[in-house]
Amino acid sequence: MERLLNNRNVLGWLFLLPAAALLLIFLTYPLGLGVWLGFTDTKVGRGGTWIGWDNFAYLVGDSVAQLSLFNTLFYTTAASILKFGLGLWLALLLNEHVPFKSLLRAIVLLPFIVPTALSALAFWWLYDAQFSVLSWTLTKLGWIHQYIDFLGDPWNARWSTVAANVWRGVPFIAICLLAGLQTIPPSLHEAAALDGATGWQCFRYVTLPLLTPIIAVVMTFSVLFTFTDFQLIYVLTRGGPLNSTHLMATLSFQRAIPGGALGEGAALATLMIPFLLSAILFSYFGLQRRTWQQGGKD
């Protein structure tokens, strides 16, 4: 026993066992159960039987499921691009010598630490068709002549949910990229400046390549969080109007729990896995770039 406990490999596995047990119970088992339910006709309160690919075949031809896929891809793409652009700009700004920099960094984190449900309720009030402070302000400025129906029009609702997600997600990206920026030696920028490089050239050829591994990881998490977003959409719109903001996650919940079709809801959730795996592969190749930068083999 003493020899085993002095063995680094055995000791490492012993330390990993509690974490592995937690992952097995709370992650692997629910995932496996969800995938299995997707191949059954299980209903709430009634056990199901194996029906193979029937749920998936039905969902492929279901217009609402197709719309939820489009909504999810649009929501994820638009929100991720906007969050990255604003987050990178904010990180570059906070990396400079600005007054009250520590206070500004703390303030930037506020949207991210506020509970999602409270954020959604705040935006629900901002988007109210009759009492919206945004519409009231724009009306007083003379930019519009009638209140905007933010959540009643399909495309307005889509962009409104994207804006809410961007407001909540920008701080996470900004702080992570700021941490990456602070690992870049200032001497590299000084050397580039001495060689006559402009500010844009320093960013393009020095900052951005060294920041690429951080961007890969951060954007992977951003895509995963956005693609599987549930709370914000469910509290803000419940998928309306006319299913125009239903994501695959919210539609899966609606079909499985209120609708009672556990098998169909689980099948819809299972269809999200290939997209999530694609995001993970993106992160993997981004980390490969980091290995190359450190002088290792690809």
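Coordinates for the structure precede this section.
Residues numbered from 1 in each chain as written. Predicted model: local features only at pLDDT ≥ 70, side-chain atom pairs only at ≥ 80, totals over all residues. Heavy atoms only, no water.

### Topic: the nonpolar core
Line of reasoning, step 1. In terms of nonpolar packing, the biggest core is built from 34 residues, with V162, L177 and L236 touching the most fellow members.
Line of reasoning, step 2. Elements with a contribution of two residues or more to this core: helix 4 (63-95), helix 7 (116-126), helix 9 (154-181), helix 11 (199-227) and helix 12 (231-236).
Line of reasoning, step 3. Among all residues touching L177, those that are not within four sequence positions of it are F84, G87, L88, A91, L211, I214 and I215.
Line of reasoning, step 4. One finds F56, L59, L268 and M272 within the second-largest nonpolar core, a separate group that totals eleven residues. (Core = buried A, V, L, I, M, F, W, Y, C linked by side-chain atoms within 4.5 Å. Buried < 20%, exposed > 50% of the residue type's maximum accessible area, 1.4 Å probe, protein only. Helix = DSSP H or I, 4+ residues; strand = E, 2+ residues; numbered from the N terminus. Contact = heavy atoms within 4.5 Å.)

### Some remarks on the packing of helix 4 against helix 9
Line of reasoning, step 1. Relative to each other, helix 4 and helix 9 sit at 40 degrees, their axes nearing to 6 Å. On the basis of the axis angle, helix 4 is oblique to helix 9. Crossing handedness for the pair helix 4 and helix 9: right-handed.
Line of reasoning, step 2. A per-class count over the contact of helix 4 with helix 9 returns 24 nonpolar, six polar and two charged. (Axes fitted to C-alpha atoms, helices over the stretch in contact; angles between N-to-C directions. Parallel < 35°, antiparallel > 145°, perpendicular 65-115°, else oblique. Left-handed = near helix turned anticlockwise from the far one by under 90°. Nonpolar A, V, L, I, M, F, W, Y, C, P; charged D, E, K, R; others polar.)

### Observations regarding the packing of helix 4 against helix 11
Line of reasoning, step 1. Between helix 4 and helix 11, whose axes approach to 10 Å, the crossing angle comes to 140 degrees. For the element pair helix 4 / helix 11, the angle class is oblique. The way helix 4 lies across helix 11 gives a crossing that is right-handed. Counting all contacts with helix 4, which are made through T72, L73, Y75, T76, A79, S80, K83, F84, L88 and L92, the residues of helix 11 involved are F203, L211, I215, M219, S222, V223, T226 and F227.
Line of reasoning, step 2. Grouping the amino acids of the contact of helix 4 with helix 11 by side-chain chemistry returns twelve nonpolar, five polar and one charged.

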